[in-house]
Amino acid sequence: MDTSKSQPRVRPRTDDDVEACARALAEVHRRDGYPVNWPALPGDWLTPASGLGSWVADLDGRVVGHVGLSRSTGGDLAPALWSERNGTSSQQAAVVGRLFVAPQARGHGIGALLMGRVVREARHRGLHPVLDVVASDTAAAALYERLGWTRLATVEQRWSTSQVVTVHCYAAYIYRVA
């Protein structure tokens, strides 16, 4: 077993990490097309106004992954679907987003580590994690389903006057108390 390589580590994102996150995001965009629409200001895109927190993964001293948690905003479909299904307010949901892992760091379980961290944070805040993902991103959908997330629906979402995108809406598994 090679012990010279470090294990991936998830930690809160700092302002100093944003530039490295934007570089990793650019690699993901070139390879996978995520995000679908490249933001004019990637650092701002990674830091939405409704944000509750962001985390990064580092591997061998490099930032190689990112995830964020935010409050629901008007355009988010997953919180509304989850709240309808559970008879509760969409304000009790938190939106997981801006998840990516740099191509060279894949295969280390980093996506699952980031998702575990963001789910723990949502639950700590008394919120239920939900998300949506572009239907064509089959690798991300497979990750969420492997982690036990439930697909709530597949819907058409208008991103602009000229762009409608098919997205899958997911909710984290629900703990039921007997």
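Everything in this summary refers to the structure shown in the same document. Residue numbers here run from 1 along each chain, matching the order of that chain's written sequence. Selection of residues for local features in this predicted model requires a pLDDT of at least 70, selection of side-chain atom pairs for listing and counting requires 80 or more, and totals for whole chains, interfaces and linings are taken over all residues. Values shown for side chains rest on all heavy atoms present in the structure; no hydrogens or waters enter the calculation.

Examining the pairing of strand β7 (residues 163-171)
With seven of nine residues buried, β7 lies mostly within the body of the structure. DSSP bridges decide pairing: two strands pair if at least two such bridges lie between them. Going along the chain from the N terminus, every DSSP run of H or I of four or more residues is numbered as a helix, and every run of E of two or more is numbered as a strand. Direction of pairing for strand β5 (residues 128-134) relative to β7: antiparallel, over a ladder of five bridges. Counterpart to valine 134 in the pairing with β7 is valine 167. Sheet topology places strand β6 (residues 150-160) next to β7; nine bridges connect them, and they run antiparallel. Bridging from a neighbouring strand, alanine 153 pairs with cysteine 169 of β7. Exposure is judged per residue with a 1.4 Å probe applied to protein chains only, and the accessible area is read against the type maximum: over 50% gives exposed, under 20% gives buried, and values in between give partly exposed.

Focus: unusual backbone geometry
Following tyrosine 34, the chain continues to proline 35 via a peptide bond in cis, the omega torsion being -5°. Along the chain, proline 35 falls in the loop between α1 (18-32) and α2 (42-45). Backbone geometry at aspartate 60 places phi at a positive 55°, although glycine is not the residue there. In this fold, aspartate 60 is placed in the loop between β2 (51-59) and β3 (62-71).

A closer look at the environment of proline 79
Along the chain, proline 79 falls in helix α3 (residues 77-86). Expressed as a C-alpha distance, the spacing of proline 79 and alanine 94, which sit 15 residues apart in the sequence, is 7.4 Å. For proline 79, the contacting residues outside a window of four places in its chain are Ser72, Ser90, Ala93, Val95 and Val130. It only takes one pair of heavy atoms within 4.5 Å for two residues to be counted as in contact.

Considering the sheet that holds β7
Pairing within the open sheet is mixed, and its seven strands lie in the order β1-β2-β3-β4-β5-β7-β6. Both edges of this open sheet fall to β1 (9-12) and β6, since each of them pairs with a single strand only. Averaged over all neighbouring strand pairs, the angle between strand axes comes to 30°, with direction disregarded. Running at roughly 140° to β6, α3 makes contact with β4 (93-101), β5, β6 and β7 of the sheet. Structural elements are reduced to axes, namely lines fitted to C-alpha atoms, with helices fitted over the stretch in contact, and the angle between N-to-C directions of any two is expressed from 0 to 180 degrees.

Quick word on the environment of aspartate 16
Among the secondary structure elements, aspartate 16 is positioned in the loop between β1 and α1. A residue is classified by how much of its surface remains accessible, and aspartate 16, at 72% relative accessible area, is exposed. In the structure, aspartate 16 is positioned 139 residues away from valine 155 in sequence and 37 Å away in space, judged by C-alpha atoms.

Focus on the packing of aromatic side chains
Two rings from Phe, Tyr or Trp (for Trp, the six-membered ring) form a pair when their centres are within 6.5 Å of each other. A pair whose planes differ by under 30 degrees is stacked, one over 60 is edge-to-face, and the rest are tilted. Evaluated as defined, the whole model comprises three aromatic pairs. Between tyrosine 34 and tryptophan 45 the ring centres are 5.9 Å apart and the planes differ by 65°, which places this aromatic pair in the edge-to-face class. One end of the pair, tyrosine 34, is in the loop between α1 and α2; the other, tryptophan 45, is in helix α2, and eleven residues separate them in sequence. What makes tyrosine 34 partly exposed here is its relative accessible area of 22%. Ring plane angle 45° and centroid distance 6.1 Å describe the contact between tyrosine 144 and tryptophan 149, whose orientation is recorded as tilted. Both residues of the pair, tyrosine 144 and tryptophan 149, belong to the buried class. Three or more aromatic residues joined by ring pairs form one cluster here, namely Tyr144, Trp149 and Tyr170. Here, over-ring charges are defined by two tests on the NZ atom of lysine or the CZ atom of arginine: distance to the ring centre within 6 Å, and angle to the ring normal within 35 degrees. One cation-aromatic arrangement involves arginine 98 over tryptophan 45; the distance from NZ or CZ to the ring centre is 4.0 Å.

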